[in-house]
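Analysis of the macromolecular model
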Amino acid sequence: MTSPTDPTRIPDDRITIERRHDGAIIVRVRSVDLCGNPLSDAVFAFRCGDPQHAYWLSRLNAASTNTP
């Protein structure tokens, strides 16, 4: 995993994490338009048992506890 100071890391303000009613974690990475050709957002779904589910769930929980 990359460190927070790694220049290849996706900035947190471009990532949205939510939990669906069925427990799946949805991760959306907003596209950046640098050349006038916007791309669609990248959207990933992780379900319990998927290798990255626990990681994204911990990120979601951390974001929930940091929200005022």
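Everything below is about the structure printed above this text.
Thresholds, definitions, all that
- Residues numbered from 1 in each chain as written.
- Predicted model: local features only at pLDDT ≥ 70, side-chain atom pairs only at ≥ 80, totals over all residues.
- Heavy atoms only, no water.
- Salt bridge = Lys/Arg side-chain N within 4 Å of Asp/Glu carboxyl O.
- Buried < 20%, exposed > 50% of the residue type's maximum accessible area, 1.4 Å probe, protein only.
- Helix = DSSP H or I, 4+ residues; strand = E, 2+ residues; numbered from the N terminus.
- Contact = heavy atoms within 4.5 Å.
- Core = buried A, V, L, I, M, F, W, Y, C linked by side-chain atoms within 4.5 Å.
- Pairing = 2+ DSSP bridges.

**A look at the pattern of salt bridges**
- Applying the stated criterion to the full structure yields 4 salt bridges.
- Between Arg20 and Asp22 there is a salt bridge; the shortest N-O distance is 2.7 Å.
- Taking relative accessible area as the criterion, Arg20 reaches 30% and is therefore assigned partly exposed.
- The partly exposed category is assigned to Asp22, whose relative accessible area is 44%.
- We note a salt bridge from Arg28 to Asp41, for which the minimum N-O separation is 3.9 Å. Of this pair, Arg28 sits in strand β2 (residues 25-29) while Asp41 sits in the loop between β2 and β3 (42-46), and the two are 13 residues apart along the sequence.
- Residue Arg28 is classed as partly exposed on the basis of its relative accessible area, which comes to 36%.
- Residue Asp41 is classed as partly exposed on the basis of its relative accessible area, which comes to 34%.
- A single salt-bridge network, built from bridges that share partners, covers Arg9, Asp12 and Arg59.

**Some thoughts on the side chain of His53**
- Here His53 is to be found in helix α1 (residues 53-66).
- With residues up to four places along the chain from it excluded, the contact list for His53 reads Gly23, Ile25, Phe46, Arg47 and Cys48.

**Things to note about the nonpolar core**
- Ile15, Ile17, Ile25, Val27, Val29, Phe46, Trp56, Leu57 and Leu60 together form the largest nonpolar core, which totals 9 residues.
- If you list the elements that add at least two residues to this core, you get β1 (15-19), β2 and α1.
- With sequence-adjacent residues up to four places away left out, Ile17 is seen in contact with Ile25, Ile26, Val27, Trp56, Arg59 and Leu60.

**Overview of the pairing of β1**
- Sheet topology note: the β1/β2 ladder contains 5 bridges and is antiparallel. Residue pairing in the sheet places Arg19 in a bridge with Ile25 of β2.
- Connecting β1 to the next strand, β2, in antiparallel fashion are 5 residues, including Gly23 with a positive phi near 95 degrees.

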